[in-house]
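Reading the structure
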Amino acid sequence: MTTTARNTPSGAEPTDGRTPALSAEELSDCVAEFLARRDFFLDTCREHGSPLYVLERDVLATRAGQFLSAFRGTLPDVRVYFAMKSNNHPLVSRTLVESGLGLDVSSGLELQAALDAGSEDIIFSGPGKVPDELALAAANADRVTVLLDSTAELGRLQAVAARMDARLRAGVRVTTASHGIWRKFGIPLPDLPDFLARARTDTHVDVRGVQSHLSWNMDPDRQVSFIRELGAVLERLPVELQRMVEFVDLGGGFWPAQGDWLQQAGTPEGHAPFGHSDAPDLPLVHYKVPATDIGTFASALARTLEEHIFPHTRCRIFLEPGRWICNDAMHLLMTVVDKKAEDLVITDAGTNAVGWERFETDFFPVINLSRPSTTERECLVAGSLCTPHDLWGYSYHGSGIEEGDVLLVPQQGAYAYSLRQNFIKPLPQVVCPSALLSCQVRG
(Lines give C-alpha, C1' and ligand atoms only; values in the text may rest on other atoms or scores of the structure.)
Protein backbone atom coordinates (compact mmCIF):
# COMPACT_ATOMS: atom_id res chain seq x y z
CA MET A 1 0.00 0.00 0.00
CA THR A 2 1.26 3.50 -0.73
CA THR A 3 1.36 6.35 1.73
CA THR A 4 0.61 10.00 1.12
CA ALA A 5 2.56 12.65 3.00
CA ARG A 6 0.57 15.51 4.45
CA ASN A 7 1.83 19.04 3.97
CA THR A 8 1.57 21.31 7.00
CA PRO A 9 -1.33 23.64 6.14
CA SER A 10 -1.22 27.33 6.83
CA GLY A 11 -3.43 28.46 9.68
CA ALA A 12 -3.45 24.96 11.22
CA GLU A 13 -2.09 25.85 14.64
CA PRO A 14 -4.37 27.34 17.31
CA THR A 15 -3.00 30.01 19.60
CA ASP A 16 -1.86 27.50 22.25
CA GLY A 17 0.02 25.42 19.66
CA ARG A 18 -2.32 22.43 19.84
CA THR A 19 -4.85 21.21 17.30
CA PRO A 20 -8.37 21.92 18.53
CA ALA A 21 -10.78 19.07 19.22
CA LEU A 22 -13.66 18.46 16.83
CA SER A 23 -16.83 19.41 18.67
CA ALA A 24 -19.26 16.62 19.51
CA GLU A 25 -22.11 18.77 18.20
CA GLU A 26 -20.52 19.27 14.77
CA LEU A 27 -19.77 15.55 14.48
CA SER A 28 -23.29 14.59 15.58
CA ASP A 29 -24.83 17.01 13.06
CA CYS A 30 -22.74 15.47 10.27
CA VAL A 31 -23.82 11.94 11.20
CA ALA A 32 -27.46 13.02 11.46
CA GLU A 33 -27.37 14.44 7.92
CA PHE A 34 -26.36 11.08 6.51
CA LEU A 35 -28.73 9.11 8.74
CA ALA A 36 -31.56 11.24 7.32
CA ARG A 37 -30.74 9.61 3.96
CA ARG A 38 -30.21 6.09 5.27
CA ASP A 39 -33.03 4.59 3.17
CA PHE A 40 -31.35 5.89 0.00
CA PHE A 41 -28.04 4.29 0.93
CA LEU A 42 -29.58 1.03 2.17
CA ASP A 43 -31.68 0.70 -1.00
CA THR A 44 -28.56 1.31 -3.10
CA CYS A 45 -26.66 -1.35 -1.19
CA ARG A 46 -29.52 -3.86 -1.49
CA GLU A 47 -29.66 -3.31 -5.26
CA HIS A 48 -25.93 -3.38 -6.00
CA GLY A 49 -24.29 -5.25 -3.12
CA SER A 50 -21.17 -4.19 -1.27
CA PRO A 51 -18.53 -2.91 -1.02
CA LEU A 52 -19.72 -0.01 -3.10
CA TYR A 53 -18.78 3.50 -4.11
CA VAL A 54 -21.80 5.81 -4.38
CA LEU A 55 -21.26 8.80 -6.67
CA GLU A 56 -23.68 11.73 -6.40
CA ARG A 57 -23.51 13.77 -9.57
CA ASP A 58 -25.90 16.42 -8.25
CA VAL A 59 -23.43 17.19 -5.45
CA LEU A 60 -20.68 17.69 -8.03
CA ALA A 61 -22.84 20.05 -10.05
CA THR A 62 -23.82 22.00 -6.94
CA ARG A 63 -20.21 22.38 -5.80
CA ALA A 64 -19.16 23.52 -9.27
CA GLY A 65 -21.89 26.16 -9.25
CA GLN A 66 -20.92 27.38 -5.78
CA PHE A 67 -17.25 27.70 -6.71
CA LEU A 68 -17.99 29.50 -9.98
CA SER A 69 -20.41 31.86 -8.27
CA ALA A 70 -17.94 32.77 -5.51
CA PHE A 71 -15.15 33.77 -7.89
CA ARG A 72 -17.20 35.20 -10.74
CA GLY A 73 -18.74 37.53 -8.20
CA THR A 74 -15.35 39.04 -7.36
CA LEU A 75 -13.16 38.69 -10.48
CA PRO A 76 -13.79 40.12 -13.95
CA ASP A 77 -12.54 37.12 -15.97
CA VAL A 78 -12.03 33.77 -14.26
CA ARG A 79 -11.87 30.21 -15.60
CA VAL A 80 -12.13 27.13 -13.40
CA TYR A 81 -10.50 23.78 -14.17
CA PHE A 82 -11.25 20.64 -12.16
CA ALA A 83 -8.08 18.79 -11.07
CA MET A 84 -8.73 15.29 -12.40
CA LYS A 85 -6.09 13.72 -10.15
CA SER A 86 -8.37 14.30 -7.16
CA ASN A 87 -11.00 11.95 -8.61
CA ASN A 88 -10.44 10.42 -12.03
CA HIS A 89 -13.75 8.62 -12.46
CA PRO A 90 -14.97 9.47 -15.99
CA LEU A 91 -18.46 10.45 -14.81
CA VAL A 92 -16.94 12.99 -12.43
CA SER A 93 -15.11 14.71 -15.31
CA ARG A 94 -18.11 14.50 -17.62
CA THR A 95 -20.45 15.97 -14.99
CA LEU A 96 -18.13 18.89 -14.31
CA VAL A 97 -17.60 19.62 -18.01
CA GLU A 98 -21.39 19.75 -18.33
CA SER A 99 -21.40 22.14 -15.35
CA GLY A 100 -19.14 24.62 -17.13
CA LEU A 101 -15.70 23.68 -15.79
CA GLY A 102 -12.58 22.96 -17.79
CA LEU A 103 -10.27 20.10 -16.80
CA ASP A 104 -6.77 20.19 -15.31
CA VAL A 105 -4.69 17.12 -16.23
CA SER A 106 -1.21 16.00 -15.21
CA SER A 107 -0.37 13.22 -17.66
CA GLY A 108 -1.07 11.95 -21.14
CA LEU A 109 -3.38 9.37 -19.59
CA GLU A 110 -5.46 12.07 -17.93
CA LEU A 111 -5.29 14.22 -21.06
CA GLN A 112 -6.83 11.46 -23.16
CA ALA A 113 -9.52 10.95 -20.50
CA ALA A 114 -10.29 14.69 -20.56
CA LEU A 115 -10.59 14.64 -24.34
CA ASP A 116 -12.88 11.59 -24.10
CA ALA A 117 -15.00 13.46 -21.52
CA GLY A 118 -15.68 16.11 -24.15
CA SER A 119 -13.74 18.96 -22.56
CA GLU A 120 -12.96 21.82 -24.93
CA ASP A 121 -10.78 23.67 -22.41
CA ILE A 122 -7.93 21.66 -20.84
CA ILE A 123 -4.79 22.73 -19.03
CA PHE A 124 -1.94 20.20 -18.99
CA SER A 125 0.43 20.59 -16.04
CA GLY A 126 2.93 18.43 -14.19
CA PRO A 127 6.65 17.76 -14.38
CA GLY A 128 8.45 15.36 -16.71
CA LYS A 129 6.10 15.39 -19.70
CA VAL A 130 7.40 12.87 -22.24
CA PRO A 131 7.38 13.40 -26.05
CA ASP A 132 4.27 11.26 -26.63
CA GLU A 133 2.34 13.32 -24.08
CA LEU A 134 3.48 16.59 -25.67
CA ALA A 135 2.51 15.22 -29.09
CA LEU A 136 -1.01 14.42 -27.84
CA ALA A 137 -1.30 18.01 -26.62
CA ALA A 138 -0.05 19.32 -29.96
CA ALA A 139 -2.56 17.17 -31.84
CA ASN A 140 -5.31 18.87 -29.84
CA ALA A 141 -3.88 22.37 -29.78
CA ASP A 142 -7.32 23.96 -30.09
CA ARG A 143 -8.37 22.39 -26.76
CA VAL A 144 -5.19 22.26 -24.68
CA THR A 145 -2.97 24.79 -22.91
CA VAL A 146 0.36 23.29 -21.79
CA LEU A 147 1.77 24.54 -18.49
CA LEU A 148 5.51 24.10 -18.89
CA ASP A 149 7.57 22.91 -15.95
CA SER A 150 11.09 23.89 -17.04
CA THR A 151 13.13 25.60 -19.70
CA ALA A 152 14.15 22.20 -21.05
CA GLU A 153 10.49 21.23 -21.37
CA LEU A 154 9.91 24.39 -23.39
CA GLY A 155 12.59 23.21 -25.79
CA ARG A 156 11.05 19.74 -26.05
CA LEU A 157 7.60 21.17 -26.73
CA GLN A 158 9.03 23.52 -29.36
CA ALA A 159 10.64 20.55 -31.13
CA VAL A 160 7.45 18.46 -31.03
CA ALA A 161 5.27 21.34 -32.20
CA ALA A 162 7.65 22.20 -35.06
CA ARG A 163 7.72 18.58 -36.22
CA MET A 164 3.90 18.51 -36.22
CA ASP A 165 3.62 22.02 -37.65
CA ALA A 166 1.39 23.00 -34.73
CA ARG A 167 1.09 26.12 -32.62
CA LEU A 168 0.25 25.61 -28.95
CA ARG A 169 -0.88 27.89 -26.16
CA ALA A 170 1.30 27.55 -23.09
CA GLY A 171 2.15 28.95 -19.71
CA VAL A 172 4.97 28.35 -17.26
CA ARG A 173 4.81 27.09 -13.70
CA VAL A 174 6.80 29.08 -11.16
CA THR A 175 7.71 28.24 -7.59
CA THR A 176 8.88 30.20 -4.59
CA ALA A 177 10.29 27.07 -2.89
CA SER A 178 14.07 27.28 -2.61
CA HIS A 179 14.55 23.92 -0.87
CA GLY A 180 12.71 20.70 -0.11
CA ILE A 181 10.63 18.39 -2.27
CA TRP A 182 8.30 21.10 -3.61
CA ARG A 183 11.07 22.65 -5.70
CA LYS A 184 10.62 19.73 -8.13
CA PHE A 185 7.77 21.77 -9.64
CA GLY A 186 8.28 24.65 -12.04
CA ILE A 187 11.01 27.22 -12.35
CA PRO A 188 12.12 29.65 -9.61
CA LEU A 189 10.04 32.83 -9.75
CA PRO A 190 13.13 35.06 -10.23
CA ASP A 191 13.87 33.13 -13.47
CA LEU A 192 10.54 34.16 -15.02
CA PRO A 193 11.91 37.17 -17.00
CA ASP A 194 14.58 35.06 -18.72
CA PHE A 195 12.07 32.30 -19.48
CA LEU A 196 9.59 34.71 -21.08
CA ALA A 197 12.35 36.38 -23.09
CA ARG A 198 13.45 33.02 -24.47
CA ALA A 199 9.89 31.96 -25.32
CA ARG A 200 8.88 35.29 -26.87
CA THR A 201 10.14 34.73 -30.38
CA ASP A 202 9.15 31.08 -30.86
CA THR A 203 6.73 30.46 -33.70
CA HIS A 204 5.25 27.18 -32.43
CA VAL A 205 4.79 27.66 -28.66
CA ASP A 206 2.84 30.73 -27.60
CA VAL A 207 3.62 31.30 -23.91
CA ARG A 208 0.82 33.44 -22.52
CA GLY A 209 0.64 32.89 -18.79
CA VAL A 210 2.06 31.99 -15.42
CA GLN A 211 0.93 29.29 -12.99
CA SER A 212 1.72 28.45 -9.38
CA HIS A 213 0.08 25.77 -7.23
CA LEU A 214 0.07 25.76 -3.44
CA SER A 215 -1.52 22.76 -1.72
CA TRP A 216 -3.49 22.34 1.52
CA ASN A 217 -4.72 25.92 1.73
CA MET A 218 -6.85 26.19 4.85
CA ASP A 219 -6.94 29.96 4.29
CA PRO A 220 -5.80 32.29 1.47
CA ASP A 221 -2.65 33.57 3.19
CA ARG A 222 -0.04 31.70 1.12
CA GLN A 223 -1.83 32.44 -2.15
CA VAL A 224 -2.01 36.11 -1.19
CA SER A 225 1.72 36.06 -0.46
CA PHE A 226 2.48 34.51 -3.84
CA ILE A 227 0.38 37.08 -5.71
CA ARG A 228 2.36 39.87 -4.05
CA GLU A 229 5.68 38.25 -4.99
CA LEU A 230 4.53 37.71 -8.58
CA GLY A 231 3.35 41.32 -8.77
CA ALA A 232 6.81 42.54 -7.75
CA VAL A 233 8.37 40.51 -10.59
CA LEU A 234 5.79 41.71 -13.14
CA GLU A 235 6.38 45.32 -12.14
CA ARG A 236 10.03 45.01 -13.16
CA LEU A 237 9.34 43.28 -16.50
CA PRO A 238 9.75 45.17 -19.78
CA VAL A 239 6.37 46.06 -21.28
CA GLU A 240 6.74 43.52 -24.10
CA LEU A 241 7.14 40.71 -21.54
CA GLN A 242 4.31 42.02 -19.35
CA ARG A 243 2.02 41.74 -22.35
CA MET A 244 2.81 38.04 -22.64
CA VAL A 245 1.11 37.37 -19.28
CA GLU A 246 -2.49 37.04 -20.43
CA PHE A 247 -3.43 34.64 -17.63
CA VAL A 248 -2.33 33.93 -14.07
CA ASP A 249 -3.20 30.45 -12.82
CA LEU A 250 -3.37 30.27 -9.01
CA GLY A 251 -3.72 26.49 -8.98
CA GLY A 252 -5.91 24.66 -6.49
CA GLY A 253 -5.47 23.44 -2.94
CA PHE A 254 -8.67 25.08 -1.67
CA TRP A 255 -9.80 23.20 1.43
CA PRO A 256 -13.51 22.52 2.03
CA ALA A 257 -15.03 24.74 4.69
CA GLN A 258 -15.62 21.89 7.15
CA GLY A 259 -11.86 21.77 7.69
CA ASP A 260 -9.57 18.79 8.14
CA TRP A 261 -10.80 16.12 10.60
CA LEU A 262 -8.01 14.10 12.18
CA GLN A 263 -7.26 11.16 14.40
CA GLN A 264 -4.80 11.80 17.22
CA ALA A 265 -1.94 10.41 15.11
CA GLY A 266 -2.71 12.94 12.38
CA THR A 267 -2.12 15.99 14.55
CA PRO A 268 1.33 17.60 14.81
CA GLU A 269 1.49 16.94 18.54
CA GLY A 270 0.25 13.33 18.20
CA HIS A 271 2.03 12.52 14.95
CA ALA A 272 3.14 8.93 14.49
CA PRO A 273 4.88 7.52 11.43
CA PHE A 274 2.85 5.45 8.98
CA GLY A 275 2.85 1.94 10.27
CA HIS A 276 1.27 3.01 13.56
CA SER A 277 -1.43 0.41 14.19
CA ASP A 278 -2.39 0.86 17.81
CA ALA A 279 -5.57 2.66 18.78
CA PRO A 280 -5.17 6.26 19.94
CA ASP A 281 -5.22 6.94 23.65
CA LEU A 282 -8.61 8.64 23.33
CA PRO A 283 -10.42 6.90 20.45
CA LEU A 284 -13.59 8.99 20.82
CA VAL A 285 -11.70 12.31 20.71
CA HIS A 286 -11.14 13.74 17.24
CA TYR A 287 -9.46 16.89 16.01
CA LYS A 288 -10.18 19.61 13.49
CA VAL A 289 -7.95 21.98 11.56
CA PRO A 290 -10.33 24.84 10.69
CA ALA A 291 -10.66 26.11 7.13
CA THR A 292 -11.91 29.29 5.48
CA ASP A 293 -15.09 29.41 3.40
CA ILE A 294 -14.72 29.82 -0.35
CA GLY A 295 -16.29 33.29 -0.38
CA THR A 296 -13.53 34.57 1.89
CA PHE A 297 -10.93 32.95 -0.38
CA ALA A 298 -12.46 34.69 -3.40
CA SER A 299 -12.62 38.12 -1.76
CA ALA A 300 -9.05 37.96 -0.45
CA LEU A 301 -7.57 36.80 -3.76
CA ALA A 302 -9.55 39.37 -5.75
CA ARG A 303 -8.37 42.25 -3.55
CA THR A 304 -4.74 41.16 -3.81
CA LEU A 305 -4.90 40.65 -7.57
CA GLU A 306 -6.44 44.09 -8.03
CA GLU A 307 -3.60 45.68 -6.06
CA HIS A 308 -0.58 43.68 -7.25
CA ILE A 309 -1.32 42.07 -10.64
CA PHE A 310 -3.94 44.03 -12.56
CA PRO A 311 -1.94 47.30 -12.58
CA HIS A 312 0.58 45.45 -14.77
CA THR A 313 -1.70 43.17 -16.81
CA ARG A 314 -5.49 42.89 -16.97
CA CYS A 315 -5.15 39.13 -17.25
CA ARG A 316 -7.59 36.27 -16.91
CA ILE A 317 -7.42 34.24 -13.70
CA PHE A 318 -7.35 30.44 -13.79
CA LEU A 319 -8.15 28.25 -10.78
CA GLU A 320 -7.73 24.47 -10.36
CA PRO A 321 -9.94 23.18 -7.54
CA GLY A 322 -10.04 19.44 -6.96
CA ARG A 323 -10.81 18.41 -3.37
CA TRP A 324 -13.18 21.35 -2.83
CA ILE A 325 -15.37 20.17 -5.73
CA CYS A 326 -15.41 16.39 -5.31
CA ASN A 327 -14.83 15.66 -1.62
CA ASP A 328 -18.51 15.35 -0.65
CA ALA A 329 -19.73 13.68 -3.84
CA MET A 330 -18.62 10.07 -3.27
CA HIS A 331 -19.13 7.70 -0.33
CA LEU A 332 -18.23 4.13 0.57
CA LEU A 333 -20.74 1.47 1.61
CA MET A 334 -19.57 -1.77 3.20
CA THR A 335 -20.99 -4.68 5.19
CA VAL A 336 -19.84 -6.20 8.48
CA VAL A 337 -18.81 -9.79 7.65
CA ASP A 338 -17.33 -10.84 10.99
CA LYS A 339 -17.85 -9.64 14.57
CA LYS A 340 -14.79 -10.92 16.42
CA ALA A 341 -15.48 -9.11 19.70
CA GLU A 342 -17.72 -6.38 21.04
CA ASP A 343 -14.99 -3.89 20.07
CA LEU A 344 -13.70 -5.51 16.84
CA VAL A 345 -15.45 -6.07 13.52
CA ILE A 346 -14.27 -6.93 9.99
CA THR A 347 -15.91 -5.45 6.90
CA ASP A 348 -16.02 -6.67 3.30
CA ALA A 349 -14.23 -3.51 2.10
CA GLY A 350 -10.46 -3.16 2.25
CA THR A 351 -8.60 0.11 2.27
CA ASN A 352 -7.19 -0.78 -1.14
CA ALA A 353 -10.41 1.02 -2.14
CA VAL A 354 -8.78 4.29 -1.08
CA GLY A 355 -5.19 3.28 -1.76
CA TRP A 356 -3.41 4.28 1.44
CA GLU A 357 -3.53 4.00 5.20
CA ARG A 358 -5.74 7.04 5.38
CA PHE A 359 -7.74 6.34 8.51
CA GLU A 360 -4.76 5.95 10.84
CA THR A 361 -4.42 9.74 10.59
CA ASP A 362 -7.58 11.14 8.95
CA PHE A 363 -10.96 10.89 10.67
CA PHE A 364 -14.29 10.27 8.98
CA PRO A 365 -17.27 8.90 10.91
CA VAL A 366 -18.18 5.24 10.32
CA ILE A 367 -21.99 5.27 10.37
CA ASN A 368 -24.01 2.10 11.02
CA LEU A 369 -27.04 2.52 8.77
CA SER A 370 -28.59 -0.73 9.98
CA ARG A 371 -28.69 0.36 13.65
CA PRO A 372 -28.97 4.14 13.38
CA SER A 373 -27.91 6.44 16.17
CA THR A 374 -25.77 9.55 16.51
CA THR A 375 -24.10 7.94 19.54
CA GLU A 376 -20.43 7.13 18.96
CA ARG A 377 -19.16 3.81 20.31
CA GLU A 378 -15.60 2.60 20.64
CA CYS A 379 -14.79 -0.26 18.24
CA LEU A 380 -11.96 -1.20 15.90
CA VAL A 381 -13.55 -1.27 12.44
CA ALA A 382 -11.14 -3.10 10.14
CA GLY A 383 -11.20 -4.24 6.54
CA SER A 384 -10.68 -7.72 5.13
CA LEU A 385 -7.17 -7.29 3.72
CA CYS A 386 -4.32 -9.44 5.07
CA THR A 387 -2.50 -6.47 6.64
CA PRO A 388 -2.93 -4.82 10.07
CA HIS A 389 -3.05 -1.37 8.46
CA ASP A 390 -6.42 -2.10 6.84
CA LEU A 391 -8.38 0.20 9.13
CA TRP A 392 -11.58 2.26 8.76
CA GLY A 393 -11.67 3.71 12.24
CA TYR A 394 -11.54 3.24 15.99
CA SER A 395 -15.27 3.85 16.50
CA TYR A 396 -18.66 3.81 14.81
CA HIS A 397 -21.94 5.71 15.19
CA GLY A 398 -24.89 3.47 15.93
CA SER A 399 -26.94 1.71 18.60
CA GLY A 400 -24.84 -1.44 18.23
CA ILE A 401 -23.02 -3.42 15.54
CA GLU A 402 -23.55 -6.96 14.25
CA GLU A 403 -22.67 -9.18 11.33
CA GLY A 404 -24.61 -8.11 8.23
CA ASP A 405 -24.88 -4.44 9.22
CA VAL A 406 -24.33 -1.89 6.44
CA LEU A 407 -21.79 0.83 7.25
CA LEU A 408 -21.25 4.16 5.51
CA VAL A 409 -17.95 6.03 5.35
CA PRO A 410 -18.99 9.39 3.88
CA GLN A 411 -17.12 12.03 1.91
CA GLN A 412 -14.54 9.85 0.15
CA GLY A 413 -14.67 11.77 -3.11
CA ALA A 414 -11.18 13.31 -3.02
CA TYR A 415 -7.88 11.44 -3.24
CA ALA A 416 -9.50 8.11 -2.44
CA TYR A 417 -11.04 6.61 -5.59
CA SER A 418 -8.18 7.86 -7.78
CA LEU A 419 -5.60 6.30 -5.43
CA ARG A 420 -7.27 2.88 -5.22
CA GLN A 421 -5.02 -0.18 -5.66
CA ASN A 422 -5.35 -3.69 -7.00
CA PHE A 423 -4.18 -5.23 -3.75
CA ILE A 424 -5.45 -8.59 -2.42
CA LYS A 425 -9.21 -7.95 -2.77
CA PRO A 426 -11.39 -6.75 -5.68
CA LEU A 427 -12.11 -3.05 -5.89
CA PRO A 428 -15.65 -1.78 -5.20
CA GLN A 429 -17.88 -0.99 -8.11
CA VAL A 430 -19.16 2.55 -8.60
CA VAL A 431 -22.85 3.40 -8.88
CA CYS A 432 -24.49 6.78 -9.29
CA PRO A 433 -28.21 6.49 -8.52
CA SER A 434 -30.27 9.39 -9.80
CA ALA A 435 -33.87 10.16 -10.63
CA LEU A 436 -32.61 11.52 -13.94
CA LEU A 437 -29.81 9.09 -14.71
CA SER A 438 -29.29 5.51 -13.69
CA CYS A 439 -25.79 4.25 -14.28
CA GLN A 440 -23.51 1.52 -13.12
CA VAL A 441 -19.81 1.57 -13.93
CA ARG A 442 -17.19 -0.95 -12.90
CA GLY A 443 -14.28 1.10 -11.58
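Residues numbered from 1 in each chain as written. Predicted model: local features only at pLDDT ≥ 70, side-chain atom pairs only at ≥ 80, totals over all residues. Heavy atoms only, no water.

1. Brief notes about the nonpolar core
Formed by 105 residues in total, the largest nonpolar core has its most connected members in Phe71, Val207, Ile317 and Trp392. Judged by nonpolar contacts, the second largest core, of 19 residues, contains Leu22, Phe41, Trp261 and Leu369. (Core = buried A, V, L, I, M, F, W, Y, C linked by side-chain atoms within 4.5 Å. Buried < 20%, exposed > 50% of the residue type's maximum accessible area, 1.4 Å probe, protein only.)

2. Details of the packing of aromatic side chains
A complete count under the given rule lists 15 aromatic pairs for this structure. Measuring from ring centre to ring centre gives 4.4 Å for Phe247 and Phe318, while their planes differ by 10 degrees; the resulting arrangement is stacked. Separated by 71 residues along the polypeptide, Phe247 in strand E9 (residues 247-249) and Phe318 in strand E12 (residues 316-319) bring together distant segments of the chain. The residues Phe247 and Phe318 share a single accessibility class, namely buried. For the pair Phe254 and Phe297, a centre-to-centre distance of 5.3 Å together with 80 degrees between the ring planes defines the contact as edge-to-face. A residue pair is termed long-range when its members are at least 10 positions apart, and Phe254 in the loop between E9 and strand E10 (260-262) and Phe297 in helix H11 (residues 294-308) qualify at 43 residues. Connected via pairs of aromatic rings, a cluster forms that spans Phe67, Phe71, Phe254, Phe297 and Trp324. The ring of Phe124 carries Lys129 above its face, with NZ or CZ at 5.5 Å from the centroid. (Phe/Tyr/Trp six-rings, centres within 6.5 Å; stacked < 30°, edge-to-face > 60°. Helix = DSSP H or I, 4+ residues; strand = E, 2+ residues; numbered from the N terminus. Lys NZ or Arg CZ within 6 Å of the ring centre and 35° of its normal.)

3. Observations regarding the pattern of salt bridges
Should their charged atoms come close, side chains of opposite charge can pair. Counted according to the given criterion, the structure contains 16 salt bridges. In this structure, the salt-bridge partner of Glu120 is Arg143, at a minimum N-O distance of 3.7 Å. Taken together, the residues Glu120 in the loop between helix H5 (108-116) and strand E4 (122-124) and Arg143 in the loop between helix H6 (131-139) and strand E5 (144-148) connect sequence positions 23 residues apart. A salt bridge links Asp206 to Arg167; the nearest nitrogen and oxygen atoms lie 3.7 Å apart. Residue Asp206 is found in strand E8 (residues 205-211), and its partner Arg167 is found in the loop between helix H7 (151-164) and strand E6 (168-175); the two are separated by 39 residues along the sequence. (Salt bridge = Lys/Arg side-chain N within 4 Å of Asp/Glu carboxyl O.)

4. What to know about the confidence of the model for the protein
On average, residues of the protein score 92 in pLDDT, and 92% of them reach the 70 mark or higher. Here residues 1-15 is a poorly scored stretch, pLDDT under 50, and it has 39 contacts once near neighbours within four places are set aside; other chains count. A low-confidence stretch, residues 435-443 stays under pLDDT 50, and its non-local contacts, those more than four residues away or across chains, total 20 contacts. (pLDDT = per-residue confidence, 0-100. Contact = heavy atoms within 4.5 Å.)

5. Structural notes on unusual backbone geometry
Of note, the bond from Ser50 into Pro51 is cis; its omega dihedral lies within 30 degrees of zero at 0 degrees. As for its position among the elements, Pro51 is in the loop between helix H2 (38-48) and strand E1 (52-55). Positive phi outside glycine occurs at Asp165, with the angle close to 55 degrees. If you trace the backbone, Asp165 turns up in the loop between H7 and E6. The backbone phi angle of Tyr415 is positive, close to 50 degrees, even though this residue is not glycine. By secondary structure assignment, the location of Tyr415 is in the loop between strand E18 (406-409) and strand E19 (429-432).

6. Regarding the packing of helix H3 (residues 57-72) against H11
Taken N-terminus to C-terminus, the directions of H3 and H11 make an angle of 30 degrees; their axes are 8 Å apart at the nearest point. Compared by their axis directions, H3 and H11 come out roughly parallel. Our pair here, H3 against H11, has a crossing hand that is right-handed. Residues Phe67, Ala70 and Phe71 of H3 form the contact with H11, whose participating residues are Ile294, Phe297, Ala298 and Leu301. Here the contact of H3 with H11 is composed, by residue class, of 7 nonpolar, no polar and no charged. (Axes fitted to C-alpha atoms, helices over the stretch in contact; angles between N-to-C directions. Parallel < 35°, antiparallel > 145°, perpendicular 65-115°, else oblique. Left-handed = near helix turned anticlockwise from the far one by under 90°. Nonpolar A, V, L, I, M, F, W, Y, C, P; charged D, E, K, R; others polar.)

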